[in-house]
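# A closer look at the structure
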Amino acid sequence: MTTPVRPLLDWSPEAVVFDCDGTLMDSERHWQEARRRAFRSFGFKAPPGFAEQAKGVHYAHCGRLMAESVRKPELTADLTASLLGHFLSLVADDPVTMPGAVELVRLLSGRLPLAVASNCPLEVVEESLARAGLRERFQHVVVPSEAPREADGPAGAPAAEAVRPKPWPDVYAEAARLCGVRPGRALAVEDSLTGVESARRAGLRVLGVGPRPDGEDGGGADLWVTSLDAPELLAWARTRVPGPAPGGGRGQDPS
């Protein structure tokens, strides 16, 4: 017998994993500007619809897409480096949080494990969160690795596999593991279809943030809200997410 899936806002997760770009931090506009500058530095313009195609993808993949879009695959490495350089400069000058991000994170902090799963370089995520005053709220930050990770076991144990970028499930699966919960008991918070796909493939439930995509399944998310300051979302965080129990543990699921 299949157990019915509870509506998202009637459910209490055991951990919450946030995307960073476009979810916590208003950095998607920086990526758009960085792409524009990188294209321009090589004498090109972004093709129509490229911004949507590139949303949420790892910057190395984006560099490949940029080169392919102008039919210059030999420029992949140069466009990727230019893209990342422009983005780092822009985000350092203007780190801005998305509406409701600070309030929601503060409401959840201390009640259950929090993590970030991002396609951005680690230094970008860490610096952005720190400048927004949010870094200390998260126990874990997971980003793609370009080489196999060191194993958690004893010396001489084989290295763990590399963490692949979204839409692969790796960053969300790893975040849930680090939080100490089964993926099905964790909630992912995402603004892009690439990220939603990643989280669903990892087995997490998904809250989408922003305009709801076309289609009956809403891009695969359990629920979409227009922004993190949606009243129903903040009310859920106050009433459905259990606080710490006496002695430091978590409280009971308020079912």
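Just above sits the structure.
Here we summarise the structure given alongside this text. (Residues numbered from 1 in each chain as written. Predicted model: local features only at pLDDT ≥ 70, side-chain atom pairs only at ≥ 80, totals over all residues. Heavy atoms only, no water.)

## Overview of the environment of Val 16
Let me state the cut-off plainly: For helices the rule is a DSSP run of H or I covering at least 4 residues; for strands it is a run of E covering at least 2, with both sets numbered from the N terminus onward. Accessible area is worked out with a 1.4 Å probe on protein chains only. A residue is then buried under 20% of its type maximum, exposed over 50%, and partly exposed in between. Whether two residues are in contact is decided by their heavy atoms: any pair within 4.5 Å suffices.
Counting through the fold element by element, Val 16 comes out in strand β1 (residues 15-18). With relative accessibility at 1%, the residue Val 16 sits in the buried group. Separated by 96 residues in the primary sequence, Val 16 and Leu 112 have C-alpha atoms spaced 7.6 Å apart. With residues near it in sequence (within four places) discarded, Val 16 still touches Leu 108, Leu 112, Pro 113, Leu 114, Ala 115, Leu 187 and Val 189.

## Considering the sheet that holds strand β5 (residues 205-209)
Keep this limit in mind: Pairs of strands are assigned from DSSP output, requiring at least two bridges between the strands. Interaxial angle, 0 to 180 degrees, is taken between N-to-C directions of lines fitted to C-alpha atoms, where a helix line uses only the stretch in contact.
The six strands lie next to each other as β3-β2-β1-β4-β5-β6, forming an open sheet whose pairing is parallel. Whereas interior strands pair on both sides, the edge strands pair on one side only; in this sheet they are β3 (140-142) and β6 (223-225). Pairs of neighbouring strands in the sheet enclose a mean axial angle of 25°, with direction left out of account. Where strand β4 (residues 186-190) meets β5, four bridges bridge the pair, whose relative direction is parallel. Residue pairing across strands places Glu 190 opposite Gly 208, the latter belonging to β5. The sheet contacts of helix α6 (residues 122-131) involve β2 (114-117) and β3, and relative to β3 the element is tilted by about 145°.

## Quick notes on the environment of Arg 212
Looking at the element boundaries, Arg 212 is found in the loop between β5 and β6. A C-alpha to C-alpha distance of 7.8 Å links Arg 212 and Thr 226, two positions 14 residues apart in sequence. When residues no more than four places from it in sequence are discounted, the contact partners of Arg 212 are Asp 217, Gly 218 and Trp 224.

## Examining the packing of helix α3 (residues 59-69) against helix α4 (residues 76-93)
Note the cut-off: Relative orientations are named as follows: roughly parallel for angles under 35 degrees, roughly antiparallel for angles over 145 degrees, roughly perpendicular for angles from 65 to 115 degrees, and oblique for any other angle. The hand of a helix crossing depends on one turn: near helix anticlockwise from the far one by less than a right angle means left-handed, and clockwise means right-handed.
Taken N-terminus to C-terminus, the directions of α3 and α4 make an angle of 125°; their axes are 8 Å apart at the nearest point. For the element pair α3 / α4, the angle class is oblique. Along this stretch, α3 crosses α4, giving a crossing that reads as right-handed. Every residue of α4 that contacts α3 at Tyr 59, Ala 60, Cys 62, Gly 63, Arg 64, Met 66 and Ala 67 is listed here: Thr 76, Leu 79, Thr 80, Leu 83 and Leu 84.

## Description of the packing of aromatic side chains
Quick note on the threshold: Here a Phe, Tyr or Trp ring, Trp counted by its six-membered ring, pairs with any other such ring whose centre lies within 6.5 Å, and the pair is stacked when the planes are under 30 degrees apart, edge-to-face when over 60, and tilted otherwise.
Overall, the coordinates contain three aromatic pairs when judged by the stated rule. A ring pair is formed by Phe 18 and Phe 138, whose centres lie 5.9 Å apart and whose planes are at 85°; its orientation type is edge-to-face. Separated by 120 residues along the polypeptide, Phe 18 in strand β1 and Phe 138 in the loop between α6 and β3 bring together distant segments of the chain. Side by side, Phe 18 and Phe 138 carry an identical accessibility label, which is buried. Between Phe 39 and Phe 50 the ring centres are 5.5 Å apart and the planes differ by 80°, which places this aromatic pair in the edge-to-face class.

## A few points about the pattern of salt bridges
This is how the line gets drawn: Whenever a carboxyl oxygen of Asp or Glu lies within 4 Å of a side-chain nitrogen of Lys or Arg, that contact is scored as a salt bridge.
Counted under the stated rule, the structure contains 13 salt bridges. Residue Glu 14 pairs with Arg 185 through a salt bridge whose shortest N-O separation is 3.2 Å. Of this pair, Glu 14 sits in the segment before β1 while Arg 185 is found in the loop between α7 (170-179) and β4, placing the two residues 171 residues apart along the sequence. For Arg 201, the salt bridge goes to Glu 197, with nearest N and O atoms at 3.5 Å. With Arg 201 and Glu 197 both in helix α8 (residues 193-202) and four residues apart, the pair spans about one turn of that helix. When its relative accessible area of 42% is taken as the criterion, Arg 201 is described as partly exposed. Where salt bridges share partners, they join Asp 19, Lys 166 and Glu 190 into one cluster.

## With respect to the packing of α4 against α6
Selection criterion: Under the scheme applied here, ten amino acids are nonpolar (Ala, Val, Leu, Ile, Met, Phe, Trp, Tyr, Cys and Pro), four are charged (Asp, Glu, Lys and Arg), and all others, including Gly, are polar.
Here α4 crosses α6 at 10°, and the two axes come no closer than 10 Å. Considered as vectors, α4 and α6 are oriented roughly parallel to each other. Where α4 abuts α6, its residues Phe 87, Leu 88, Val 91, Ala 92 and Asp 93 lie against Val 124, Ser 128 and Arg 131. Among the residues forming the contact of α4 with α6, the class breakdown is five nonpolar, one polar and two charged.

## Focus: unusual backbone geometry
A cis amide bond links Lys 166 with the next residue in sequence, Pro 167, at an omega value of 15°. Assignment of secondary structure puts Pro 167 in the loop between β3 and α7. In the Ramachandran plot, Arg 71 falls in the positive-phi region, its phi being about 60° despite a non-glycine side chain. Within the element layout of this structure, Arg 71 appears in the loop between α3 and α4. For Arg 71, a relative accessible area of 75% translates into the label exposed.

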